[in-house]
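Each chain, written out:
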Amino acid sequence: MIFLQARNIIKRLLVVVACLSLLSSPSVAAPVDDASKYIESLGDSAIATLTDKQLDKETKTKKIEQLFRENVDTVWIGKFVLGRFWRQINDDQKVRYLRGYESFLVRNYATRFTDYTSGSFKITDARAGSSNEFIISMQIKSEEAGGEPIIVDYRVRSDTKNRKNNFLVVDIIVEGVSMITTQREEFTSILTGKDIEYLIAQIAKKIDSAPNKS
């Protein structure tokens with residue numbers, strides 16, 4: 001199996017749900033408070049979409065996919081998780097890899113979450129990270145899953161270039177485990193013994209097997 005599977009589908013659901021929808025008003029200076037409000041608006045908007053009983057599953061899926069593509073920096077993440085191998089592949093391979101990787105993220109992390117119908121969250125901390133980055137901590141609880149709430153840290157980057165909003169999500173850290181660091185370790189392990197064409201092919205297979213493939 002090429003990709004690390006979720007140990008708990010609900011946890012992954014909640015993690016991605018809270019970062020997908022971006023309907024907040026643009027901020028200008030991008031201080032910590034604005035980053036916190038941004039993440040709070042993401043949670044509110046995503047839950048509003050996913051709990052709307054007037055929307056069928058297909059419509060919810062399309063809305064979540066669109067929001068994911070617009071508001072998660074899939075290009076930067078795709079380059080990061082490839083690590084040093086990004087510099088070793090040609091332009092055509094870069095285009096095909098990034099296209100496939102974005103589709104993988106969207107379909108494998110977003111489209112499965114449309115079964116979510118209830119839950120709650122609250123912001124517990126907000127702090128500045130490195131240059132133009134902020135870490136926003138959120139406590140998330142699913143009424144469906146039960147059990148203890150989980151703490152998720154969102155790494156948010158200020159980005160005003162050709163964006164209707166001033167932030168992008170660049171990492172999701174669940175109980176101390178970084179999504180992009182974990183993915184990078186997996187890809188490094190694969191590419192140590194295989195080439196990029198193998199990885200691209202495996203990504204395509206995961207896309208084909210993902211639910212709600214369009």
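Residues numbered from 1 in each chain as written. Predicted model: local features only at pLDDT ≥ 70, side-chain atom pairs only at ≥ 80, totals over all residues. Heavy atoms only, no water.

### A closer look at the pattern of salt bridges
- Within this structure, the stated rule accounts for 7 salt bridges.
- Across the salt bridge formed by Glu58 and Lys62, the nearest N and O atoms sit 3.4 Å from each other. Of this pair, Glu58 and Lys62 both sit in helix 3 (residues 57-71), separated by 4 residues, roughly a single helical turn.
- Given a relative accessible area of 51%, Lys62 falls into the exposed group.
- Of the charged contacts in the structure, one is a salt bridge between Asp92 and Arg96, with a shortest N-O distance of 2.9 Å. Taken together, the positions of Asp92 and Arg96, both in helix 5 (residues 91-110) and 4 residues apart, correspond to about one turn of that helix.
- On the accessibility criterion, Asp92 (46% relative accessible area) is partly exposed.
- With relative accessibility at 26%, the residue Arg96 sits in the partly exposed group. (Salt bridge = Lys/Arg side-chain N within 4 Å of Asp/Glu carboxyl O. Helix = DSSP H or I, 4+ residues; strand = E, 2+ residues; numbered from the N terminus. Buried < 20%, exposed > 50% of the residue type's maximum accessible area, 1.4 Å probe, protein only.)

### Let's talk about the packing of aromatic side chains
- With the rule as written, the count across this model stands at 7 aromatic pairs.
- On the basis of an interplanar angle of 15° and a centroid distance of 5.3 Å, the ring pair of Trp76 and Phe80 is categorised as stacked. Of this pair, Trp76 and Phe80 both sit in helix 4 (residues 74-82), 4 residues apart, which is roughly one turn of the helix.
- Between Tyr101 and Phe104 the ring centres are 6.2 Å apart and the planes differ by 40°, which places this aromatic pair in the tilted class. Residue Tyr101 and its partner Phe104 are both found in helix 5; the two are separated by 3 residues, about one turn of the helix. Each of the two residues, Tyr101 as well as Phe104, counts as buried.
- The ring of Phe80 has Arg184 lying over it, and the distance from NZ or CZ to the ring centre is 4.5 Å. (Phe/Tyr/Trp six-rings, centres within 6.5 Å; stacked < 30°, edge-to-face > 60°. Lys NZ or Arg CZ within 6 Å of the ring centre and 35° of its normal.)

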